[in-house]
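# Understanding the architecture of this molecule
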Amino acid sequence: MDRGVVIIGAGQAGFQTALSLRNEGYAGKIALLDDEGRVPYARPPLSKAYLKGTATAESLEYRPAEFFVQQSIDLVLSDPAVALDRRRQMVALRSGRELEWSSLVLATGAHVRRLPTSGKEPFCLRTFADSDSLRTHLSEANEVLAIGVGFIGLEAAAAARAQGKKVRLIGAEARLMGRAVSPFISAWFQKMFERHEVPIRLNTAVKRITEAGVELADGSVETADTVIVGIGVIPNTELAAKANLAVSGGIVTDSYLRTSDPSIFAVGDCATHPNVYAGGLTRIESVQNAADHARAVASTISGKPKEYRQVPWFWTEQFEAKLQIAGLAVEADETEVKGDPESGKFSVYNYKGGKLKFVESVNQPAAHIAARKLLEI
Amino acid sequence: MPSITYISNSGETRTITVDSGTTIMQAAVRNGVPGIVGDCGGECQCATCHVYVDEKFLGLLKPAAEDEDAMLALTASERKDNSRLACQIALTDKLDGIVVTTPPIQQ
Ligand SMILES: Cc1cc2nc3c(=O)[nH]c(=O)nc-3n(C[C@H](O)[C@H](O)[C@H](O)COP(=O)(O)OP(=O)(O)OC[C@H]3O[C@@H](n4cnc5c(N)ncnc54)[C@H](O)[C@@H]3O)c2cc1C
Ligand code: FES
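Residues numbered from 1 in each chain as written. Chains lettered and ligands numbered in written order. Predicted model: local features only at pLDDT ≥ 70, side-chain atom pairs only at ≥ 80, totals over all residues. Heavy atoms only, no water.

### Thoughts on helix 5 (residues 128-138) of chain A
Residue and element names in this part refer to chain A. So the rule is basically this: In this scheme, a residue with accessible area under 20% of its type's maximum is buried, one over 50% is exposed, and one in between is partly exposed, where area comes from a 1.4 Å probe on protein chains only. Elements are defined by DSSP. Helices are runs of H or I of four residues or more, strands are runs of E of two residues or more, and each kind is numbered from the N terminus. Along the arc lie the directions from the helix axis toward the C-beta atoms. Between two residues, a contact is recorded if the distance between any of their heavy atoms is within 4.5 Å.
For helix 5, the full list of buried residues reads F128, D130, S131, L134 and L138. Taken down its axis, helix 5 places every buried residue within 160° of arc, on the same side. Away from its buried face, by an angle of more than 90 degrees, helix 5 presents the exposed residues A129 and T136. Elements in contact with the buried residues of helix 5: helix 2 (49-52), helix 3 (57-60), strand 9 (143-147), helix 6 (151-162) and strand 15 (226-229).

And the structure:
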């Protein structure tokens, strides 16, 4: 007998799993567990439109609360899963409630990496609450110091600058968005930030945050009335590890996103999965990855087994640049730039061993869409 | 407050009234209109909010911007001359009474 599906985590991946299960015609019980006390919402605007004040809280919600009732999806707010009993196939919630499963989907996402802090907690950006408190605070702020030169640090810095704040950036890495883009794109974005009068210090590690301010590795101290930290995330694997599922970086899965227990799947930011474009196991933090994982698992649970093998793609918005990336960044041995970087509209094609590996498009959506098709394996 | 009518692929109609500024995608998902998915939340990144706009109203719309036009190449159902992405069209009083048909599939 089908005991139903329990989905732990009501973020992008968890929400999409529930939605796709119903779209696939799955008629069993679905429980969707949340620990933030909010109807599922989109995170990308948290460092973009919402932070800038051009989007409302309501516009971030994927669906209104009634939708879950209509679809017979038991959306359980603020009652996180605390333990998995694999033998009995039961999840224990904090309240003491227990839920049984035939299929369990771990969609627990990730939490922010923090700096050792003895002074005032800096701002970070992962949840609606994070973005909302930063947004409120920014209206009164003058000077912003953003730590981290990945997507989140850069988007937050750009959003603050767009509101007229004095902003500067510090990053431990040698170039902007180093893990995700080519050196050409890093350099182009660096120039753009400089044009917007946002100075950037690279190769500068932060040691800790104290009452005095932000202490750098060389002992010097930087101060600002607002400090935003965006130095990456750590996948939420604790539940899986406690239940003795294989964990390596994220929760390890096969190409069907099944963990080492055949009744348990892992999707989205928390899943270390075999990715045909990475040529092996990897963990990816993106909307595409979360949504396509969810769709594959929903199909499999509904009786139509489906391997995950979509072309990875990402986007980010900083000042006037919308950057879209198709494929996964590798160290390329050949790059080709099409269009005029000076004009702010161009694409970078990155090859390795004669093969096209990833394409970065700045304000060139058509080139990005074409690249997604071109890269399909 | 503009009103909008959605016609499903099988011919059922739903008319709703929304605040100006609401997009055709938001109006659908907030009111439980089937046939519009909106995976990306309106970022013009997913093409799962594809609709066919009634010809009478096509001329009242601003033409699709470059990113919408590009994304329309990825719709799961056939792209037609009146294909648009619902998340890129904000409803205004000028568009009051607009009629859109949802495609057979979105993904
Ligand atoms: C500020 C910001 C901007 C971003 N911008 C972009 C972008 O422009 N483009 C892009 O592609 N991606 C972007 N991303 C990344 C994208 O949002 C994530 O990859 C995506 O949200 C991952 O979905 P997920 O469901 O795996 O995890 P999450 O969305 O993190 O959801 C996991 C949920 O599970 C909850 N949870 C964890 N443990 C439990 C438990 N035990 N019980 C119950 N609930 C639990 C968590 O609290 C959380 O609510 C951005 C992310 C952030 C934070
Ligand atoms: S909602 Fe994704 S393109 Fe319209």
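Anyway, onward from the coordinates.
### A few points about helix 10 (residues 365-374) of chain A
Every buried residue of helix 10 of chain A is accounted for by P365(A), A367(A), H368(A), I369(A), A371(A) and R372(A). Packed against the buried residues of helix 10 of chain A are strand 22 (313-318), strand 23 (321-327), strand 25 (345-352) and strand 26 (355-362) of chain A together with helix 3 (66-71) of chain B.

### Re the nonpolar core
In plain terms, the rule: For our purposes a nonpolar core is just a set of buried Ala, Val, Leu, Ile, Met, Phe, Trp, Tyr and Cys residues, chained together by side-chain atoms within 4.5 Å.
Counting residues in hydrophobic clusters, the biggest one holds 48 residues, and the most contacted among them are L169(A), L176(A), I185(A), F189(A) and F193(A). Looking at this core, the element that brings in the most residues is helix 6 of chain A, giving 6 residues. Apart from residues lying up to four places away in sequence, F189(A) is in contact with L176(A), M177(A), Q318(A), A321(A), L323(A) and V362(A). Formed by 31 residues, the second largest nonpolar core is a distinct cluster that contains I16(B), C49(B), A70(B) and L91(B).

### Looking at the sheet that holds strand 19 (residues 264-266) of chain A
All names here are of chain A. Our working rule: We call two strands paired when DSSP finds no fewer than two bridges between them. All axes here are fitted lines through C-alpha atoms, helices being fitted over the stretch that makes contact, and every angle between N-to-C directions spans 0 to 180 degrees.
Spatial strand order, 3-2-1-7-19: 5 strands in an open sheet with parallel pairing. Edge positions in the open sheet fall to strand 3 (73-76) and strand 19, since each of these has one partner strand only. Here the average twist between neighbouring strands, direction ignored, is 15°. Here strand 1 (residues 5-8) pairs with strand 7 (residues 103-106) via 4 bridges, running parallel. Note on strand 7: the bridge partner recorded for I8 is L106. Its contacts with the sheet place helix 1 (residues 12-23) against strand 1, strand 2 (30-33), strand 3 and strand 7, and it is angled at close to 165° to strand 2.

### Observations concerning the pattern of salt bridges
Let me state the cut-off plainly: For this document, the term salt bridge refers to a Lys or Arg side-chain nitrogen within 4 Å of an Asp or Glu carboxyl oxygen.
All chains considered together, the criterion is met by 27 salt bridges over all chains. Residues E215(A) and K207(A) are paired through a salt bridge, measuring 3.4 Å at the closest nitrogen-oxygen approach.

### A short note on the site of ligand 1
Residue and element names in this part refer to chain A. Where we set the bar: The criterion for a residue being near a molecule or strand is simple. One of its heavy atoms has to lie within 4 Å of it. Here a polar contact is recorded for every N or O atom pair within 3.5 Å, except that within protein the pair must consist of a potential hydrogen donor and a potential acceptor, and residues adjacent in sequence are included only if both atoms are side-chain atoms. Charged residues are taken to be Asp, Glu, Lys and Arg, nonpolar residues to be Ala, Val, Leu, Ile, Met, Phe, Trp, Tyr, Cys and Pro, and polar residues to be all remaining types, Gly included. The split of the chain into domains comes from an automatic or database domain assignment.
Around ligand 1 sit 33 residues, and of these D35, E36, R43, K48 and R126 come closest. Note that an oxygen atom of ligand 1 is positioned 2.7 Å from one of the side-chain N or O atoms of R43. R126 is positioned such that a nitrogen or oxygen atom in its side chain is 2.6 Å from an oxygen atom of ligand 1. Contributions of two or more residues to the shell around ligand 1 are made by helix 1 and helix 9 (287-301). In terms of residue class, the shell around ligand 1 is made up of 16 nonpolar, 9 polar and 8 charged. Both domain 1 (5-111 + 233-301) and domain 2 (114-229) contribute no fewer than three residues apiece to the shell around ligand 1.

### Things to note about the environment of T17(A)
Residue and element names in this part refer to chain A. Mapped onto the secondary structure, T17 falls in helix 1. For T17, a relative accessible area of 0% gives the class buried. With 277 residues separating them along the chain, T17 and A294 place their C-alpha atoms 4.5 Å apart. With sequence-adjacent residues up to four places away left out, T17 is seen in contact with I7, V105, V267, A294 and A298. A distance of 2.7 Å separates a polar side-chain atom of T17 from the backbone oxygen of A13.

### Some remarks on the side chain of S263(A)
Residues and elements named next belong to chain A. Mapping S263 onto the fold places it in the loop between strand 18 (250-252) and strand 19. By relative accessible area, which is 10% here, S263 ends up buried. Polar contacts involving the side chain of S263 include one to the side chain of Q89, which spans 3.1 Å. When neighbours within four sequence positions are excluded, S263 is seen to be in contact with Q89, W101, S102, S103 and L104.

### Observations concerning the pairing of strand 25 of chain A
All names here are of chain A. The buried fraction of strand 25 is high, at 6 of 8 residues. Bridge count for strand 24 (residues 334-340) against strand 25 is 7 bridges, and the pairing is antiparallel. Counted as the bridge partner of T335 is N350 from strand 25. If you look at the hairpin formed by strand 24 and strand 25, you'll find 4 residues sitting between the two strands, and G344 has a positive phi there, around 80°. Bridge count for strand 25 against strand 26 is 7 bridges, and the pairing is antiparallel. Residue pairing in the sheet places Y349 in a bridge with V359 of strand 26. In sequence, strand 25 turns back onto strand 26 through a hairpin of 2 residues, with G353 there showing a positive phi of about 55°.

### Some words on the sheet that holds strand 25 of chain A
Residue and element names in this part refer to chain A. Strand order in this open sheet of 5 strands is 22-23-26-25-24, and the pairing throughout is antiparallel. Taken across any chain shown, the strands that pair with only one partner, and hence form the sheet edges, are strand 22 and strand 24. Strand-to-strand twist across the sheet, computed as the mean angle between neighbouring axes with direction ignored, equals 15°. Sheet topology places strand 23 next to strand 26; 5 bridges connect them, and they run antiparallel.

### A closer look at the packing of aromatic side chains
Residue and element names in this part refer to chain A. Stated precisely, the cut-off is as follows: Geometry of aromatic contacts follows a simple scheme: Phe, Tyr and Trp rings, the Trp one being its six-membered ring, pair when their centres are within 6.5 Å, and the pair is stacked under 30 degrees between planes, edge-to-face over 60, tilted otherwise.
This model, assessed by the stated rule, comprises 10 aromatic pairs over all chains. Ring geometry for F15 against F68: centres 6.0 Å apart, planes inclined by 70°, an arrangement best described as edge-to-face. Note that F15 is positioned in helix 1 and F68 in helix 4 (residues 65-70), a separation of 53 residues in sequence. Look at F15 and you get buried, because its relative accessible area is 4%. Residue F68 is classed as buried on the basis of its relative accessible area of 1%. Consider the rings of W188 and F346, whose centres lie 5.2 Å apart with planes at 55°: the pair is tilted.

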